[in-house]
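A closer look at the structure
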Amino acid sequence: MGKDVEVGGHEYGAKDYQDPPPADLFDAEELTKWSFYRAIIAEFIATLLFLYITVLTVIGYKSQTDPAHSADQCGGVGILGIAWAFGGMIFVLVYCTAGISGGHINPAVTFGLFLARKVTLPRAFMYIVAQCLGAVCGCGLVKAFQKTYYNTYGGGANELADGYSKGTGLGAEIVGTFVLVYTVFSATDPKRNARDSHVPVLAPLPIGFAVFMVHLATIPITGTGINPARSFGAAVMYGKDKAWDDQWLFWVGPMIGAAIAAFYHQYVLRAGAVKALGSFRSNA
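Residues numbered from 1 in each chain as written. Predicted model: local features only at pLDDT ≥ 70, side-chain atom pairs only at ≥ 80, totals over all residues. Heavy atoms only, no water.

Regarding the side chain of Thr47
Residue placement: Thr47 occurs in helix α1 (residues 34-64). One polar contact links the side chain of Thr47 to the main-chain carbonyl oxygen of Glu43, over a distance of 2.7 Å. Those residues within four positions of Thr47 in sequence are excluded, and the remaining contacts are Ile105, Gln131, Gly134, Ala135 and Ala229. (Helix = DSSP H or I, 4+ residues; strand = E, 2+ residues; numbered from the N terminus. Polar contact = N/O pair within 3.5 Å; in protein donor to acceptor, adjacent residues only side chain to side chain. Contact = heavy atoms within 4.5 Å.)

Let's talk about the environment of Ala234
If you trace the backbone, Ala234 turns up in helix α9 (residues 228-238). For Ala234, a relative accessible area of 0% translates into the label buried. Among all residues touching Ala234, those that are not within four sequence positions of it are Cys139, Tyr150, Gly155, Gly156 and Ala157. (Buried < 20%, exposed > 50% of the residue type's maximum accessible area, 1.4 Å probe, protein only.)

Let's talk about helix α4 (residues 121-145)
Along its 25 residues, α4 runs 36 Å from first to last C-alpha, staying within 8% of the 36 Å computed at 1.5 Å per residue. The residue sitting at the N-terminus of α4 and contributing the capping side-chain oxygen is Thr120; that oxygen lies 3.3 Å from the backbone nitrogen of Arg123. (Expected span 1.5 Å × (residues − 1).)

Examining the packing of helix α2 (residues 78-97) against helix α8 (residues 204-222)
For any two helices packed against each other, one specifies the crossing angle of their axes together with the interaxial distance. It is at 8 Å that the axes of α2 and α8 come closest, and there the two elements cross at 155 degrees. Between α2 and α8, the crossing angle belongs to the class labelled roughly antiparallel. In this structure, the crossing between α2 and α8 has a hand that is right-handed. Contacts between α2 and α8 involve Ile79, Leu80, Ile82, Ala83, Trp84, Phe86, Gly87, Ile90, Phe91, Val94 and Tyr95 on the former and, on the latter, Pro204, Leu205, Ile207, Gly208, Phe209, Val211, Phe212, His215, Leu216 and Ile219. Of the residues contributing to the contact of α2 with α8, the split by class is 18 nonpolar, three polar and no charged. (Axes fitted to C-alpha atoms, helices over the stretch in contact; angles between N-to-C directions. Parallel < 35°, antiparallel > 145°, perpendicular 65-115°, else oblique. Left-handed = near helix turned anticlockwise from the far one by under 90°. Nonpolar A, V, L, I, M, F, W, Y, C, P; charged D, E, K, R; others polar.)

A closer look at the pattern of salt bridges
Summed over the entire model, instances satisfying the criterion amount to three salt bridges. Here Glu30 and Arg123 are joined by a salt bridge, their closest N and O atoms 3.3 Å apart. Highlighted residues: Glu30 in the loop between β2 (10-12) and α1 and Arg123 in helix α4, separated in sequence by 93 residues. Here the two residues Glu30 and Arg123 agree in accessibility, since each one is buried. (Salt bridge = Lys/Arg side-chain N within 4 Å of Asp/Glu carboxyl O.)

Examining the packing of aromatic side chains
A full pass over the atoms with the stated rule returns 13 aromatic pairs. Summarising the aromatic geometry, the rings of Phe36 and Tyr37 are spaced 5.0 Å apart at their centres and angled 85 degrees between planes, so their arrangement reads as edge-to-face. An angle of 70 degrees between the planes, with centres 5.9 Å apart, marks the rings of Trp84 and Phe209 as edge-to-face. Taken together, the positions of Trp84 in helix α2 and Phe209 in helix α8 put the pair 125 residues apart, joining distant regions of the chain. Look at Trp84 and you get partly exposed, because its relative accessible area is 43%. Taking the relative accessible area as the measure of exposure, Phe209 reaches 39% and is therefore partly exposed. One aromatic cluster in this structure is built from Trp84, Phe209 and Phe212. (Phe/Tyr/Trp six-rings, centres within 6.5 Å; stacked < 30°, edge-to-face > 60°.)

Details of unusual backbone geometry
With a phi close to 55 degrees, Ile105 is a non-glycine residue in the positive phi region. Its place among the elements puts Ile105 in the loop between α2 and α3 (107-115). With phi around 50 degrees, Ile226 is a residue other than glycine that occupies positive phi space. Topologically, Ile226 is positioned in the loop between α8 and α9. Look at Ile226 and you get buried, because its relative accessible area is 3%.

Description of α3
Those residues of α3 not exposed but buried are Pro107, Ala108, Val109, Thr110, Gly112 and Leu113. For α3, the N-terminal cap is Asn106; the gap from its side-chain oxygen to the backbone nitrogen of Ala108 is 2.8 Å. Where α3 terminates, the next one or two residues include Arg117, which has phi positive at roughly 65 degrees.

Regarding the packing of α9 against helix α11 (residues 249-269)
Interaxial distance between α9 and α11 falls to 9 Å at its minimum, and their mutual angle equals 175 degrees. Classified by the angle between their axes, α9 and α11 sit roughly antiparallel to one another. Contacts between α9 and α11 involve Pro228, Ser231 and Phe232 from the first element and Phe250, Trp251, Pro254 and Met255 from the second.

These results come straight from atomic positions and should not be treated as a statement about function.
So, in structure tokens, the structure goes:
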């Protein structure tokens, strides 16, 4: 039953968009297609490039503000520049890979989309493996090119900052990842795109800005994970105990945040729970 909604002086029918059907839990046919493996390669390369550029930025900033080498403590790109590096790279890489793999570049995003039945289990699993391997290789390139700086300035590894409790760090990762994954769902929502088609939005832009804003807020707390592959790759190549002691924060927090975002968007904003209940009643 279509009810037209007027937005900005224009009327849009309730059926002027179409949701893609929910993905199957397992689709054997996709394993035989080149597009499946092409998407995995795209996720690997994108995550490799993401870690290479961003970790280099972090290390460069720390080296420029090291009192032993520079008296200018205000030098370098600063936290603002680091946040721009992460947000900007996500914008670029999502733009480049969205049409191939969906541009996840983050196990938490993949997990949230899997819970919302946007991707199959094999695709989600292979994406996460590719993202983690890409992150390790990206950090490996940084270490190969700048080994001394890499080891001296922490390798870009995420660690809970002194003075903050584990609970605070976990909460920061949950909320930060919720913001990111919620933005992903909203920016790629076919209903929103149809309703607001008179206001074109390039989906990678709000996603990149979400990453940027979250980094501004949480760099002082955890260094900002919100991406388990990013934290895992840096910890593997850095290899210090502190990075591994806090590693669970950067997996548990983002996965919880992604799950909450998926539930909120699908079952509250998109009224998935109400629709399911209505279907159940009509069949009863």
